[in-house]
Amino acid sequence: MSEQSRPVGGEHKYEQEISSVDEHEERPGRSLITTDHEVIKRWAEERGGRPATVPGTEHEGRPGVLRFDFPGYGGGDLKEITWDEWFETFEARNLNFLYQEHKKDGGQSNFFRLENPDREDA
């Protein structure tokens, strides 16, 4: 496990846990989960994604809702932030990154979701 990751929180019997950039899905369409910063950053950048937040959701000067701005997906309502800001917020909220590398048909997937395993309604 790298210095830029922590154990995945919560129970995840349906997701394959990924802890380094050298690990990949067992099969196309597989749901994956990680907290590793390099895995997350590489996944986003391979898709042209940049770290972003939703304006108006800030909390005490920190980014609010975290997103990625993917080219061609109408990110005009997003505010680009630095990777450091994105990961500081990710860690402060103890989030997990759920994602797919590929769809079942083998095409590249942009699916991701941020999960807080500490939330009651998660």
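Because the structure is predicted, anything quoted here is derived from the model rather than measured. Every chain is numbered independently, its residues counted from 1 as its sequence is written. For a predicted model such as this one, the threshold for reporting local features is a pLDDT of at least 70, and the threshold for listing and counting side-chain atom pairs is 80 or more; totals across whole chains, interfaces and linings nevertheless cover every residue. The basis for every side-chain value is the complete set of heavy atoms in the structure, and neither hydrogens nor water enter the calculation.

Caption draft 1: Looking closely at the packing of aromatic side chains. Working definition: a ring pair exists when centres of Phe, Tyr or Trp rings (six-membered ring for Trp) sit within 6.5 Å. Plane angles under 30 degrees give stacked, over 60 give edge-to-face, the rest tilted. Tallying each qualifying case throughout the model produces 18 aromatic pairs. Arranged with centres 6.1 Å apart and planes meeting at 55°, the rings of Trp43 and Phe68 form a pair that is tilted. Linking Trp43 in helix H1 (residues 37-46) with Phe68 in strand S4 (residues 66-69), this pair joins segments that are 25 residues apart in sequence. Accessibility classification places Trp43 together with Phe68 in one group, the buried group. With a centroid separation of 4.8 Å and 20° between ring planes, the pair formed by Phe68 and Trp86 is classed as stacked. With Phe68 in strand S4 and Trp86 in helix H2 (residues 83-92), the pair connects residues that are 18 residues apart, well separated along the chain. With respect to burial, Phe68 and Trp86 carry one shared label: buried. By way of ring pairs, the aromatic residues Trp43, Phe68, Phe70, Trp83, Trp86, Phe87, Phe90, Phe97, Tyr99 and Phe112 are connected into one cluster. Helix and strand definitions follow DSSP, with helices as H or I runs of at least four residues and strands as E runs of at least two, each counted in order from the N terminus. Burial status follows relative accessibility: with a 1.4 Å probe on protein chains alone, a residue under 20% of its type maximum counts as buried, one over 50% as exposed, and anything between as partly exposed.

Caption draft 2: Examining the pattern of salt bridges more closely. Each reported salt bridge corresponds to a side-chain nitrogen of Lys or Arg within 4 Å of a carboxyl oxygen of Asp or Glu. Taken as a whole and judged by the stated rule, the model has 4 salt bridges. Glu45 is the salt-bridge partner of Arg50, the closest N and O atoms lying 3.9 Å from each other. Of the residues examined, Arg50 reaches a relative accessible area of 32% and is grouped as partly exposed. With relative accessibility at 39%, the residue Glu45 sits in the partly exposed group. The salt bridge involving Glu46 is made with Arg47; its shortest N-O contact spans 3.6 Å. Classification of Glu46 as exposed rests on a relative accessible area of 51%. Each of Glu45, Arg50 and Glu80 takes part in salt bridges that share partners, so that together they form one network.

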